[in-house]
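Structure assessment
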Amino acid sequence: MPSTVLPIARLPFTPQLEAQLRAWLAEDLGRGDLTAAALAGCSGRAHWLAKADGVFCGGVLVEPLFRLLDPGVVVRLLVRDGAAVAAGQRLLELEGPATALVAGERTALNLAMRLSGIATATAALVAELAGTGVRLADTRKTTPGLRVLEKYAVRCGGGRNHRLGLDDAAMLKENHLAWAGGVAAAIAAVRAAAPWPARVIVEAETPAEAEAAVRAGADAVLLDEFTPPRLAELVPRLRALAQGRQLVLEASGVQPEQLRSYAATGIDLISTSAPITRSAWLDLSMRFDA
């Protein structure tokens, strides 16, 4: 074993997370692992290897997942979530009943490869924005049941989380504005009814909508599918309308190859679903020690 073993960084082991882990294990185990009889009474040791360069994410799930199978499993985390890893690098080590190590292998690796792929893709986009002062944020385009973990992976890659859900902030879109009777009416209704202090964001598709949102007191304006030249012209106008009030200006509908062009327009934030919806899994493997 290496001399340096990192402590496990723990996610809050909520009833929801435990139920998800149990369900994911049950999906693979079904009525029971038919190979378990060959391993009865055996103990084993194993380790994970990165098979490609990237950013590791998902180590925090390994210990709770294997402990659901058998509390005798010991996990030694060698790489923290969010750390860059190289192909061939050892990521963690496990020791315990062989039946549990085999039973949890696929589920644990699937989760970590998915999350590491998101973290890796996020880190690449964040690197494109280095030095610009513009932050990269995710969206609500997430896999049902995996939102918290996928957004955690974005954070591990250096990105920011946008709304976790509809109760996190109020984002008024085209339909809201049409059905509520306009930007000002929609913002007023939300502020009057919100049971706790909430940010109000308006998604604008035209300069007129963006200006109306600022005049009505929106905390942020999401500028959807504006070109960089249009944004470079619009952003100073919106800042002037805000009259020194804190205002977050966000661009969406941005292709990854255009990040730096958008960052030069004076916006604060770029939101994209690309790290979650377009990323490839980072290839990891579990090797059993003789």
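What counts and how
Residues numbered from 1 in each chain as written. Predicted model: local features only at pLDDT ≥ 70, side-chain atom pairs only at ≥ 80, totals over all residues. Heavy atoms only, no water. Pairing = 2+ DSSP bridges. Helix = DSSP H or I, 4+ residues; strand = E, 2+ residues; numbered from the N terminus. Axes fitted to C-alpha atoms, helices over the stretch in contact; angles between N-to-C directions. Contact = heavy atoms within 4.5 Å. Core = buried A, V, L, I, M, F, W, Y, C linked by side-chain atoms within 4.5 Å. Buried < 20%, exposed > 50% of the residue type's maximum accessible area, 1.4 Å probe, protein only. Salt bridge = Lys/Arg side-chain N within 4 Å of Asp/Glu carboxyl O. Expected span 1.5 Å × (residues − 1). Bend = angle between axes of the 7 residues up to and from the residue. Polar contact = N/O pair within 3.5 Å; in protein donor to acceptor, adjacent residues only side chain to side chain. Patch = residues over 30% accessible without salt bridge, like charges linked within 9 Å, V, L, I, M, F, W, Y side chains within 5 Å. Areas by Shrake-Rupley, 256 points an atom, 1.4 Å probe, with all protein chains shown as cover. Lys, Arg positive; Asp, Glu negative; His and termini not counted. Charge placed at Lys NZ, Arg CZ, Asp CG, Glu CD. Arc of directions from axis to C-beta. Parallel < 35°, antiparallel > 145°, perpendicular 65-115°, else oblique. Left-handed = near helix turned anticlockwise from the far one by under 90°. Nonpolar A, V, L, I, M, F, W, Y, C, P; charged D, E, K, R; others polar.

1. Comments concerning the sheet that holds strand β3 (residues 74–77)
An order of β3-β5-β1-β12 is seen for the 4 strands of this open sheet, with the pairing classed as antiparallel. In the strand order of this sheet, the two ends are held by β3 and β12 (284–289), each with one partner. In this sheet, neighbouring strand axes are inclined to one another by 20° on average, regardless of whether the strands run parallel or antiparallel. Here 4 bridges tie β3 to strand β5 (residues 90–97), and the two strands are oriented antiparallel to one another. Paired with L77 across the bridge in β5 is L92. Here helix α3 (residues 98–128) sits on the sheet and contacts β1 (43–50), β5 and β12; the angle it forms with β12, its principal contact strand, is near 160°.

2. Considering the nonpolar core
In terms of nonpolar packing, the biggest core is built from 43 residues, with W48, F56, F66, L91, L94, L284 and M286 touching the most fellow members. Taken together, the elements giving at least two residues each to this core come down to α1 (15–29), β1, α2 (59–69), β3, β5, α3, α4 (147–156) and β12. With near-sequence residues (within four places) excluded, F66 lies in contact with V73, L94, A100, L101, G104, E105, A108 and M286.

3. Brief notes about the pattern of salt bridges
Tallied over the entire structure, the rule returns 11 salt bridges. A salt bridge links R22 to E18, with the nearest nitrogen and oxygen atoms 2.8 Å apart. Separated by 4 residues within a single helix, R22 and E18 lie in helix α1, roughly one turn from each other. According to the relative accessible area criterion, R22 is partly exposed, its value standing at 45%. For E18, a relative accessible area of 23% translates into the label partly exposed. One salt-bridge network, held together by shared partners, links E211, E233 and R237.

4. Brief notes about the side chain of E105
Assignment of secondary structure puts E105 in helix α3. If near-sequence neighbours (up to four positions away) are discounted, E105 is found in contact with F66, M286 and F288.

5. A word on the sheet that holds strand β8 (residues 200–204)
Remark on secondary structure: sheet strands pair via backbone hydrogen bonds, oriented parallel or antiparallel. Read from one edge to the other, the open sheet built from 6 strands follows the order β6-β11-β10-β9-β8-β7, with strand pairing classed as parallel. Either end of the sheet is taken by a strand with one partner, and the two such strands are β6 (135–137) and β7 (170–172). With strand direction ignored, the average angle separating the axes of adjacent strands in the sheet is 25°. Both β6 and strand β11 (residues 269–271) contribute to a ladder of 3 bridges, which runs parallel. Note that in β11 the partner of R135 across the bridge is L269. Relative to the sheet, helix α8 (residues 228–242) contacts β9 (220–224) and β10 (248–252), its axis offset from that of β10 by approximately 160°.

6. Here we look at α3
In this model α3 runs 44 Å from its N-terminal to its C-terminal C-alpha over 31 residues, within 8% of the 45 Å that 1.5 Å per residue would give. Along α3, the sharpest kink reaches roughly 45°, centred on E105.

7. Let's talk about the side chain of H47
One can find H47 in strand β1. H47 gets classed as buried once you look at its relative accessible area, which sits at 8%. Looking at H47, its side chain comes within polar contact range of the side chain of D289, at 2.8 Å. Excluding residues within four positions of it along the chain, H47 makes contact with R90, L92, E93, S285, M286, R287 and D289.

8. With respect to the environment of Q20
Position of Q20 relative to the elements: it lies in helix α1. For Q20, a relative accessible area of 19% puts it in the buried group. Taking the C-alpha atoms as reference points, Q20 and E203, 183 residues apart in sequence, are found 33 Å from one another.

9. Considerations on a positive patch on the surface
On the surface, a cluster of positive charge is contributed by R140, K141, K173 and R278. Position of R278 relative to the elements: it lies in the loop between α10 (274–277) and β12. In this structure R278 comes out as exposed when scored by relative accessible area, which is 56%.

10. Quick word on helix α7 (residues 207–215)
In an α-helix, one turn spans 3.6 residues; hence positions three or four apart end up facing the same way. Considered for burial, the residues of α7 that qualify are A210, E211, A213 and V214. Across the axial projection of α7, the buried residues extend over an arc of 160°, all falling on one side. The exposed residues of α7 that point more than 90 degrees off its buried face are A208 and R215. Its buried side turned inward, α7 meets α6 (183–193), β8, β9 and α8. A positive phi of about 90° marks G217, the residue just after α7.

11. Examining the packing of α3 against α4
At a minimum axis separation of 7 Å, α3 and α4 run at an interaxial angle of 40°. Put simply, α3 runs oblique to α4. For the crossing formed where α3 meets α4, the hand is right-handed. Every residue of α4 that contacts α3 at R114, L115, I118, A119 and T122 is listed here: L149, E150, A153, V154 and C156. When its residues are assigned to classes, the contact of α3 with α4 shows 7 nonpolar, 1 polar and 2 charged.

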